[in-house]
Amino acid sequence: MAMRKVVLTEDEMPRQWYNILADIKMNPPLGPDGKPVSPDMLAPVFPMNLIEQEVSSERWITIPDAVMDVYRIWRPSPLVRAVDLEKALDTPARIYFKNEGVSPPGSHKPNTAVPQAYYNKVFGIKRITTETGAGQWGSALSFACSQFGLECKVYMVKISFEQKPYRKTMMGVWGGKCVPSPSNETKAGRDVLAQNPDSPGSLGIAISEAVEAAVSDTSGQTRYSLGSVLNHVMLHQTVIGLEAKNQLAKIGEYPDIVIGCAGGGSNFAGTAFPFVLDKLNGRQIEIYPVEPAACPSLTQGPFVYDHGDNAGYTPLLPMHSLGHNFVPAPIHAGGLRYHGMAPTVSQLVNEGVIEAKAVNQLEAYEAGIIFARSEGHIPAPETTHAIAQVVKEARRAKEEGKEKVILFNWSGHGCLDLAAYEKYLAGELSNPVFTAEEKAKAAEAFANFPKPQLLKSR
Ligand SMILES: *Cc1c(COP(=O)(O)O)cnc(C)c1O
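Residues numbered from 1 in each chain as written. Predicted model: local features only at pLDDT ≥ 70, side-chain atom pairs only at ≥ 80, totals over all residues. Heavy atoms only, no water.

Once that is clear, we can look at the overall build of the protein. Looking only at helices and strands, the protein features 17 helices and 15 strands. Relative to the compact-globule value of 23 Å for 458 residues, the protein shows a C-alpha radius of gyration of 20 Å, a close match. Scored against the burial criterion, the 458 residues of the protein give a buried share of 63%. Here the analysis covers contacts within the protein between residues at least 6 apart in sequence; of these, 78% occur between residues at least 24 apart. On the protein, roughly 17,000 Å² of surface is accessible, and the fraction owed to carbon and sulfur atoms is 52%. Within the protein, the 48 negative side-chain charges are centred at a point lying 2 Å from the centre of the 44 positive side-chain charges. (Helix = DSSP H or I, 4+ residues; strand = E, 2+ residues; numbered from the N terminus. Rg over C-alpha atoms; globule rule 2.2 N^0.38 Å. Buried < 20%, exposed > 50% of the residue type's maximum accessible area, 1.4 Å probe, protein only. Contact = heavy atoms within 4.5 Å. Areas by Shrake-Rupley, 256 points an atom, 1.4 Å probe, with all protein chains shown as cover. Lys, Arg positive; Asp, Glu negative; His and termini not counted. Charge placed at Lys NZ, Arg CZ, Asp CG, Glu CD.)

Right under this line is the structure:
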């Protein structure tokens, strides 16, 4: 019988995260004056211990024991050989996936929510604000805050708030408070509502609201938390790729291709960066972040300085962006509806170390269905984008008659996304496209900002 799972013992879990800032060159984030942001300028937004991680260039950073302890609720996560997907695709490729859907909220997101809650707690913070798209991040942070006795306030993109009511309930079960964004609670939200009372919301708008709510608390005991994009988030997620590497090594395998879906870039980065390190050191690997064709920051957005949020509260980040005002079509993969991309992931695309791919909504759902009917697990709509690329690579391996080893991150389960599957099964989903008009309009958002340099790390 073919082996299905490689499981590590708790003792075999990685004890350190991998920090890619030790190995690549980056443009600095810029403040409103166009000068690099200093750590103390971020102090009203994040606790200093996380800011230190954000700017650290130490290659390996120790995972605190208290974080390891919570990680052990679901980690190490299984590495699964998708034998039945291989059969369904009749491919000579060997396909492995890291199942990050086994965490309490059902995605990779608590890999960073837990350390973020921990560092806030240690710093003396009582309350964390954040935004959420599909609700995955809000539920992950609510879970993490409940583990460390912190309050959690979540601004949820309105369209998802309406499409996914159970995510809100999940946050409530863990003690988190969730409101639809744009809301009337912040100036950023009120400004958007004044222009468009029916705004479906976007991650960029929700980030503005959550940042405003944190910095306007005069008690000094509230901070903001971001579920993707930033360096420290990518850092925490590397526990996925480091575990996967150990698991593959146990069975004498090493990937030819590494794939992850990319919204802000964190589950992709967490899976891929430990392999990027090998590639920077000379190893041959294809590494693909996969984004939705309706929100194609990496494949269609230029590399620019842009804000991470809609209202322009965040520093200017060097990244591929569709413009901080861009509101993507309401595709069901809410976690992939972000106008920008992690600066680290953007930098690796610029350098040609990794190669971005885009897939459309229907091809993603089709792949999700193939997966569910072979491997059983129902993937999150975001995850189906990674699977769609895996299906393409497996078919190519068949055409070429090559025994490729493919690793991808199964970023989460879709058991709270069934309304979207319902629509797919009823033939009611479409393929929204990113138009040339949208592209031109979006570019106005960063037209007057400084331009980042094209740096070469190797
Ligand atoms: C949030 C989310 C994503 C996208 O976020 P990244 O930061 O790009 O990883 C992907 N998959 C799932 C299941 C998510 O919840």
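For the rest of this paragraph, the subject is the environment of Ala-43. Structurally, Ala-43 can be placed in the loop between strand S2 (16–18) and helix H1 (48–55). Given a relative accessible area of 24%, Ala-43 falls into the partly exposed group. Note: C-alpha distance between Ala-43 and Val-83 (40 residues apart in sequence) is 49 Å.

Every buried residue of helix H7 (residues 165–173) is accounted for by Arg-167, Met-170 and Met-171. With its buried residues spanning 100° around the axis, H7 presents them on a single face. Opposite the buried face of H7, by more than 90 degrees, sit the exposed residues Tyr-166 and Val-173. On its buried face, H7 sits against strand S6 (127–132), helix H5 (136–148), strand S7 (151–157) and strand S8 (177–181). Looking one or two places after H7, you find Gly-175, whose phi comes out positive at around 90°. (Arc of directions from axis to C-beta.)

In this structure, the amide linkage connecting Arg-75 to the following residue, Pro-76, adopts the cis form with an omega of -10°. You can see Pro-76 is positioned in the loop between helix H2 (65–71) and strand S4 (79–81). Cis peptide bonds are those with omega within 30 degrees of zero, and the linkage from Ser-181 to Pro-182 qualifies with 10°. Phi is positive for Asp-90, close to 50°, though the residue is something other than glycine. Take Asp-90: it is sitting in the loop between helix H3 (83–89) and strand S5 (94–99).

Right, let's get into the sheet that holds S8. Taken in spatial order, the four strands of this open sheet run S8-S7-S6-S9, and their pairing is parallel. Strands with a single pairing partner mark the edges of an open sheet, and in this sheet they are S8 and strand S9 (222–224). Pairwise comparison of adjacent strand axes, ignoring direction, gives a mean angle of 20° for this sheet. Two elements, S6 and S7, share six bridges in a ladder whose sense is parallel. Bridged to Thr-130 within S7 is Val-154. Its contacts with the sheet put H7 on S6, S7 and S8, and the angle it makes with S7 is roughly 175°. Across the sheet, helix H9 (residues 203–215) is in contact with S6, S7, S8 and S9; its angle to S6 comes to roughly 170°. (Pairing = 2+ DSSP bridges. Axes fitted to C-alpha atoms, helices over the stretch in contact; angles between N-to-C directions.)

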